[in-house]
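Geometric and topological summary
What follows is the residue order along each chain.
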Amino acid sequence: MTILVIEDEIKLVNILKKALKNERYAVDTAFDGEEGLQKAMKNNYSLIILDIMLPKKDGMEVCRELRAHHINTPIIILTARGVVGDRVQGLDLGADDYLIKPFGIDELFARMRAVLRRRKVVESSILKIADLVVDKTRHEVTRAGKRVQLTPKEYRLLDTLIRHSSHAMTRRQLIDEAWGPDFVEANNELNVHIRYLRRKIDPANAKPLIHTIRGVGYTLRESHE
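Residues numbered from 1 in each chain as written. Predicted model: local features only at pLDDT ≥ 70, side-chain atom pairs only at ≥ 80, totals over all residues. Heavy atoms only, no water.

Relative to the elements of secondary structure, D97 occurs in strand β5 (residues 97–100). Only 2.9 Å separates the side chain of D97 from the side chain of R111, close enough to count as a polar contact. The contact partners of D97, leaving out residues within four places of it in the chain, are I75, I76, I77, L91, R111, V115 and R118. (Helix = DSSP H or I, 4+ residues; strand = E, 2+ residues; numbered from the N terminus. Polar contact = N/O pair within 3.5 Å; in protein donor to acceptor, adjacent residues only side chain to side chain. Contact = heavy atoms within 4.5 Å.)

What follows concerns helix α1 (residues 10–22). Between its first and last C-alpha atoms α1 spans 18 Å; for 13 residues at 1.5 Å apiece the expected length is 18 Å, and the two agree. By the burial criterion, the buried members of α1 are L12, V13, L16, A19 and L20. On an axial view of α1, the arc spanned by its buried residues comes to 135°, and they lie on one face. Facing away from the buried side of α1, by more than 90 degrees, are the exposed residues I10, K11, K18 and N22. (Expected span 1.5 Å × (residues − 1). Buried < 20%, exposed > 50% of the residue type's maximum accessible area, 1.4 Å probe, protein only. Arc of directions from axis to C-beta.)

On to the nonpolar core. Of all hydrophobic cores here, the largest spans 26 residues; its most connected members are L132, L158 and L220. If you list the elements that add at least two residues to this core, you get β6 (126–129), β7 (132–135), α6 (152–163), α7 (171–179), α8 (189–201) and β12 (217–220). Counting residues per element, this core draws most heavily on α6, which supplies 5 residues. Core analysis: the second largest hydrophobic core is formed by 19 residues, L16, A19, V27 and L108 among them. (Core = buried A, V, L, I, M, F, W, Y, C linked by side-chain atoms within 4.5 Å.)

Let's shift gears to the packing of aromatic side chains. Per the stated rule, a full pass over the model turns up 1 aromatic pair. The ring of W179 carries K153 above its face, with NZ or CZ at 5.4 Å from the centroid. (Phe/Tyr/Trp six-rings, centres within 6.5 Å; stacked < 30°, edge-to-face > 60°. Lys NZ or Arg CZ within 6 Å of the ring centre and 35° of its normal.)

Strand order in the open sheet made by the 3 strands is β10-β12-β11, with antiparallel pairing throughout. Looking along the sheet, the strands with just one partner apiece sit at the ends: β10 (169–170) and β11 (210–213). Two elements, β10 and β12, share 2 bridges in a ladder whose sense is antiparallel. Along β12, the bridge assignment pairs T170 with G217. The strands touched by α6 within the sheet are β10 and β12, with β12 carrying the most contacts at an inclination of about 70°. (Pairing = 2+ DSSP bridges. Axes fitted to C-alpha atoms, helices over the stretch in contact; angles between N-to-C directions.)

By the alternation rule, side chains of β6 split into L127 and I129, which are all buried, and I126 and K128, of which none is buried. The sheet contact formed by β6 and β7 spans 4 bridges and is antiparallel. Across the sheet, residue K128 finds its bridge partner in β7, namely V133. What sits between β6 and β7 in their antiparallel hairpin is a turn of 2 residues, with A130 showing a positive phi close to 55°.

Considering all chains together, one arrives at 20 salt bridges under this definition. A salt bridge links D159 to R163, with the shortest nitrogen-to-oxygen separation between them at 3.0 Å. Here the residue D159 and the residue R163 both occupy positions in helix α6, the gap between them amounting to 4 residues, near one helical turn. Residue classification places D159 among the buried residues on the basis of a relative accessible area of 11%. Note on R163: relative accessible area 32%, which makes it partly exposed. Put simply, E7, E9, D51 and K101 are held in one network by salt bridges that share partners. (Salt bridge = Lys/Arg side-chain N within 4 Å of Asp/Glu carboxyl O.)

Structure below.
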């Protein structure tokens with residue numbers, strides 16, 4: 001599991017990195033809100049630890065923008081503010097929990113475990129982006145209310161893309177998660193199935209949802225063009 005720590009206090013970042021690594025978490029860091037937002041939008045993290053008082057872009061705005069872009073990574077806000085209104089605002093913007101500085105590492109770990117448990121329990125079986133709906137319970141896909149028939153390989157590709165919507169996924173990441181790490185690609189098979197998938201869920205009269213990221217791979221996101 002990889003944790004993103006967005007915090008501008010270098011001393012605290014170093015303490016958190018050491019503690020998290022001791023618990024066998026991988027750790028990525030950002031020291032201002034803009035850098036943190038970019039990393040959270042680009043990469044797939046298990047959890048984000050987010051300070052409120054940040055340079056360039058404050059934590060509240062980072063949280064708001066992530067949720068506006070359907071990035072549902074669990075967020076724990078760190079704040080020196082004890083005012084109830086600030087805590088309420090963070091939760092209303094989509095944060096999952098908060099900690100008031102100073103805090104104990106054991107409490108942080110306990111809250112992380114609780115947040116991750118809650119997210120796992122309440123994870124919806126229906127995934128949506130724009131007018132595309134994937135019902136994992138029924139194994140059904142619809143676009144604008146119309147049923148879309150997919151092969152098993154196409155369905156697993158779409159399921160992987162929509163679970164990581166707005167994240168750029170490399171070819172290898174897609175293959176490993178959708179078809180398994182032992183799958184050996186032949187004759188650009190991923191490209192072929194992506195092309196078939198596009199024909200089915202991105203008809204000519206609809207805004208495209210599957211996008212090619214040159215030099216990286218693919219992403220599924222709503223186009224605002």
